Amino acid sequence: IYLMYVYVTVSSSSPRTAHMCCDGPLNAIDLSKDNNYVVVAGRSVFKIFAIDDDMFEERYNLRVGKNLSLNYACVDVAWSQAEDHLLASAATNGKVLVFDLNKFTKSKQELVFDDHTRTVNRVRFHENEPQLLLSGSQDGTMRIFDLRKKACSTLFKTASSIRDVQWCPPRFNDFFFASADESGGLQMWDMRRPDRAEKQITAHSGPIFTLDYHPEDRNWLATAGRDKMIKVWNSQTGQCLHSIQTIASVAKIRWRPQRRFCIASCSLVVDNSIYVWDIRRPYVPFASFEKHKDVTTGIIWRRDDPHVIYSCSRDQYLYQHIFIDAHRPANKLVPSGIDMNVTGGIAMAMMEKQEKTVCFKTWCKSSVFSPGRFSVAAPPRYRDLPPRYQD
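Residues numbered from 1 in each chain as written. Predicted model: local features only at pLDDT ≥ 70, side-chain atom pairs only at ≥ 80, totals over all residues. Heavy atoms only, no water.

Caption draft 1: Spotlight on the pairing of strand 13 (residues 151-157). Pairing of strand 12 (residues 141-146) with strand 13, which is carried by six bridges, proceeds in the antiparallel orientation. When the sheet's bridge partners are listed, I144 is paired in strand 13 with T154. (Pairing = 2+ DSSP bridges. Helix = DSSP H or I, 4+ residues; strand = E, 2+ residues; numbered from the N terminus.)

Caption draft 2: Just the sheet that holds strand 19 (residues 220-225), in detail. As summarised here, the arrangement of the four strands in space is 18-19-20-21, forming an open sheet in which the pairing is antiparallel. With partners counted over all chains shown, the strands left at the sheet margins are strand 18 (208-213) and strand 21 (240-245), one partner each. Ignoring strand direction, the axes of neighbouring strands in this sheet form an average angle of 15 degrees. Relative to strand 20 (residues 229-234), strand 19 is paired through five bridges, and the arrangement is antiparallel. Paired with L221 across the two strands is W233, which belongs to strand 20. (Axes fitted to C-alpha atoms, helices over the stretch in contact; angles between N-to-C directions.)

Caption draft 3: The arrangement of the side chain of N35 in detail. Within the secondary structure layout, N35 lies in the loop between strand 2 (28-31) and strand 3 (37-41). At a separation of 3.4 Å, a polar atom in the side chain of N35 contacts the main-chain amide nitrogen of R303. Setting aside residues no more than four positions away along its own chain, N35 makes contact with I51, R302, R303 and D304. (Polar contact = N/O pair within 3.5 Å; in protein donor to acceptor, adjacent residues only side chain to side chain. Contact = heavy atoms within 4.5 Å.)

Caption draft 4: Representation of the pattern of salt bridges in the model. This model, assessed by the stated rule, comprises 16 salt bridges. Between R122 and D76 there is a salt bridge, with its nearest N and O atoms 3.8 Å apart. You can see R122 sitting in strand 10 (residues 120-125) and its partner D76 sitting in strand 6 (residues 74-79), a full 46 residues away along the chain. Residue classification places R122 among the buried positions, given a relative accessible area of 4%. For D76, a relative accessible area of 4% puts it in the buried group. Put simply, D146 and R148 hold a salt bridge, and the shortest N to O gap is 3.1 Å. (Salt bridge = Lys/Arg side-chain N within 4 Å of Asp/Glu carboxyl O. Buried < 20%, exposed > 50% of the residue type's maximum accessible area, 1.4 Å probe, protein only.)

Caption draft 5: Up close: the pairing of strand 2. Side chains A28 and D30 project from strand 2 onto one buried face, and the interleaved I29 and L31 project onto a second face that is buried too. With four bridges connecting them, strand 2 and strand 3 associate as antiparallel partners. The partner of A28 across the bridge, within strand 3, is A41. Taking the residues between adjacent antiparallel strands as the criterion, strand 2 and strand 3 are bridged by five residues, where N35 takes a positive phi near 65 degrees.

Laid out in structure tokens, this is it:
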């Protein structure tokens, strides 16, 4: 009886797929430190929602006031993981805004930085130093803003527009960050040496739109861009470890927490789905989510649960996706094959799903060989998970 009570209690509080219309196209998304709130932003939307198991509840609308300018036309948004009352946004007019949710006034805007001369594509807070804010812009510069001094403290210049920047996880290196540019270049920087990059890699044949450091492996860094490729790099040696060919230009990628080989992606054009890839099997997505009706513009995993991912889209919707509801493209493939050798022999392989075995049969002109059976077992990490998720 006691065990049954525990099971019912846990299952009733499990998250479920949920969505919310945000009354405008969305460009960016981020989560609070405790994963209880989500912020979404776009050209005409800037809202914070509380996250329940199966619903979103609006808590703040940061687009307040009579004179709303292009400062609020957001390209990106970031939520500090050290001080959960601080948010930053990147605007199309080159402004970087900082918001303080602890302010008692209706407007939460705290600071405005106007150092960039063109659109700011990305803003990122340092995980250990909440007063340091990194930005990357179309003007070819990256800047570190010191919120204590209310000014830009360090300037980094490149020859190409910057599409993405990200701090290296502080447990690996407290001073490094990576940048991706429109010429297909990937650079690793030391914030103490702004005059030159520590390492440069020609990573893609076109613009790189997104990059992401692996949360567990200090040397893994993933990139993706217009050439429809997702690539995993060894940041120390510059070697490409894995590559995935997708069907469209890739807008965003995010490593899945607690799953070393899984990474999520969404497309810049054409495809509205979110895909989760196992980099060891690059030809077929491990899972997909197909709720959005327009291009997905932002994705982020819940940091304490690898089975929950949040997304936003130009269709105006914010979604909470649960892995149990994901489509499994591999399950729709025909699990059989047949071929003939040069001497006329025929070989056939098929999957007997109920027995979870692979039957392999061969024929030749004079005789029929007995089929051989090869047992196929699921990887241990999948068997150890609760049956609810089946991954």
